[in-house]
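Listed here are the chains, written in short residue letters.
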Amino acid sequence: EDLESALQSAVEPTTQLVMLLTPTRDCKRVYSIFKTLLCTTIPCVSQVVQSRTVRKRQVIAEVLTRIILQINAKMCGPLWQLDLGPTFDKTAMVIGIHDHFDGASDTLWLGFCASM
């Protein structure tokens, strides 16, 4: 109820994103209340981060990068973008292929992506 009243008073129609840093205890309950409110009552893009996630000092740069990528995707921004500048003077498609060999199961995986 405190979370609901705090969101009702703080989130305005011009609010673009609400980010919540959850405590370690009751995080599932808080997450459920938060997401339900922001998906039904107060429509707004939201991101939830557990406090224990940002306490990982050894990998903090990786953690913050992933959070930023998630937020950017929710805001309909590009996850990765290349500025090729004058390299291509005409419209071009960039294609990427990555392979991964799983030695345990003796399986080869291929991944493909392409620009539009």
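Residues numbered from 1 in each chain as written. Predicted model: local features only at pLDDT ≥ 70, side-chain atom pairs only at ≥ 80, totals over all residues. Heavy atoms only, no water.

A. Up close: the overall build of the chain. Scanning the chain for helices and strands turns up 4 helices and 4 strands. Against the compact-globule benchmark of 13 Å for 116 residues, the chain has a radius of gyration of 20 Å, which places it well outside the compact range. By residue count, 18% of the 116 residues in the chain fall in the buried class. Taking the intrachain contacts of the chain between residues at least 6 apart in sequence as the baseline, contacts between residues at least 24 apart amount to 47%. When the accessible surface of the chain is summed, it comes to about 9,500 Å², and 58% of that surface belongs to carbon and sulfur atoms. Here the chain holds 11 positive side-chain charges and 11 negative ones, and the gap between their average locations is 8 Å. (Helix = DSSP H or I, 4+ residues; strand = E, 2+ residues; numbered from the N terminus. Rg over C-alpha atoms; globule rule 2.2 N^0.38 Å. Buried < 20%, exposed > 50% of the residue type's maximum accessible area, 1.4 Å probe, protein only. Contact = heavy atoms within 4.5 Å. Areas by Shrake-Rupley, 256 points an atom, 1.4 Å probe, with all protein chains shown as cover. Lys, Arg positive; Asp, Glu negative; His and termini not counted. Charge placed at Lys NZ, Arg CZ, Asp CG, Glu CD.)

B. Spotlight on the pattern of salt bridges. Evaluation of the coordinates by the stated rule reveals 1 salt bridge. The shortest N-O distance in the salt bridge between Arg66 and Glu62 comes to 2.9 Å. Here Glu62 and Arg66 lie together in helix α4 (residues 60–74), a separation of 4 residues that amounts to about one turn. With relative accessibility at 51%, the residue Arg66 sits in the exposed group. (Salt bridge = Lys/Arg side-chain N within 4 Å of Asp/Glu carboxyl O.)

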